[in-house]
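Summary of the model geometry
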Amino acid sequence: MDDATLQLVLQLQQADLKEDDDEEEDDEEEDDEEEDVGQAEDQIGETENRHDDVSAECPTPRRWWETLMHAGFARWRGAIRTQKCDMCMDEQPQTSLSHTTCNHKYCSGCLINIFEASITDESLFLPKCCGNAFPVAEHVLGNELVERWRVKEVEYTTPNRTYCHVPACSVFIPSSNINGDVGHCPVYWHSTCTLCKGPAHPNHACEQDQATQEVLRIAAKNNWQRCPRCQAIIELNQGCHHITCRCHNEFCYLCLAEWKTCDCDRWDEEDLLDAYEEDYNARAENYNARAENYNAAHGGIQ
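The shown structure was predicted, so the numbers you read here are calculated from the model rather than taken from an experiment. (Residues numbered from 1 in each chain as written. Predicted model: local features only at pLDDT ≥ 70, side-chain atom pairs only at ≥ 80, totals over all residues. Heavy atoms only, no water.)

**Here we look at helix α5 (residues 143-156)**
Stated precisely, the cut-off is as follows: Numbering goes from the N terminus for both helices and strands, where a helix is a DSSP run of H or I of at least four residues and a strand is a run of E of at least two. Helix span is expected to be 1.5 Å times the residue number reduced by one. Relative accessible area decides the class of each residue, using a 1.4 Å probe on protein chains only: under 20% of the type maximum gives buried, over 50% gives exposed, and in between gives partly exposed. Pairs of residues are marked as contacts when any of their non-hydrogen atoms sit within 4.5 Å.
Helix length check: α5 (14 residues) gives 20 Å between terminal C-alpha atoms against 20 Å at 1.5 Å per residue, within 8%. Of all the residues in α5, the buried ones are L145, V146, W149, E155 and Y156. Where the residues of α5 are buried, they touch α3 (108-120), α4 (138-141), β7 (162-163) and β8 (172-173).

Next up, the structure:
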């Protein structure tokens, strides 16, 4: 075999070896691709299974923007500061509480109840906290309640008030409806005498009606007094001579002078002892009556 032929044979052998190597590499690449495809299919299957599990637990999962909104609302709600109302002790947003000069805090519901009570009960007028009047805030109480309260304020602060003499009416007559000694009811325009509080009698001088005179005779017989401001009849059955009328007028029960402006005794010791003895006897009688009822019901004490 000559040199040319030998060289040709060697070239053919090298070509065959290279072809075999290329085929092996192709086979390995195909195996790798098949393995990658299998892993990808497994991952897709696991993802679908997880999605099915989540869908089963939460049929309508939140969208991303719903999640952000929920988280933002939670942070906003947590940022609201609350404090307790000093009356009902409920937690309220700090911005909704009304503060008094004595640093007490009231919610709107409690303030409304306080002002409503002061309208129906004169002894609770003027609403106060620690001796300081509550501010009349329309944005808290409402215009309707403030208007009714203002009307009662005029009534409760008027000395020697006059009311319509018709029992079915009995409406307060403000000073703007009074001309001389005659007041006119603002509802039905009934005429009432401001002196005797009975029907007006413009054609002759006022003579106290018999019913009023009888009440005054009973008051004088029992040593009752009349408030110098509102003319209400007051009976002192115990305690000192310091009287605080329902119209908040403070005076001496003996001389009717403004309290602490006279030289009268502040109290009568005998009256205090008599009142104590009377109270003690009443309690003893009540106890004895209850004991008798118990013995009668249980056949006596064994």
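**Concerning the side chain of T100**
Along the chain, T100 falls in the loop between β3 (98-99) and β4 (105-106). Excluding residues within four positions of it along the chain, T100 makes contact with Y106, C129 and F134.

**Looking at the packing of α3 against α5**
Heads up, the condition is: Inter-axis angles, ranging from 0 to 180 degrees, are taken between N-to-C directions of lines fitted to C-alpha atoms, where helices are fitted over the stretch in contact. Handedness of each helix crossing follows the sense of rotation of the near helix against the far helix: counterclockwise by less than a right angle gives left-handed, clockwise gives right-handed. Each residue gets one of three labels, nonpolar for Ala, Val, Leu, Ile, Met, Phe, Trp, Tyr, Cys and Pro, charged for Asp, Glu, Lys and Arg, and polar for the others, Gly among them.
Where α3 meets α5, the closest approach of the two axes is 9 Å, and the angle between their N-to-C directions is 35 degrees. Note on packing geometry: the crossing formed by α3 with α5 is left-handed. Here I112, F115, E116, S118, I119 and T120 of α3 come into contact with α5, specifically with L145, R148, W149, K152 and Y156. Here the contact of α3 with α5 is built from residues that sort into six nonpolar, two polar and three charged.

**Structural notes on the packing of aromatic side chains**
Keep this limit in mind: Any Phe, Tyr or Trp ring, taking Trp's six-membered ring, that has another such ring centre within 6.5 Å forms a pair; planes under 30 degrees apart are called stacked, those over 60 apart edge-to-face, and the others tilted.
Summed over the entire model, instances satisfying the criterion amount to six aromatic pairs. Ring geometry for F125 and Y156: centres 5.1 Å apart, planes at 70 degrees, overall edge-to-face. Of this pair, F125 sits in the loop between α3 and β5 (128-129) while Y156 sits in helix α5, placing them 31 residues apart in sequence. By relative accessible area, which is 7% here, F125 ends up buried. Taking the relative accessible area as the measure of exposure, Y156 reaches 9% and is therefore buried.

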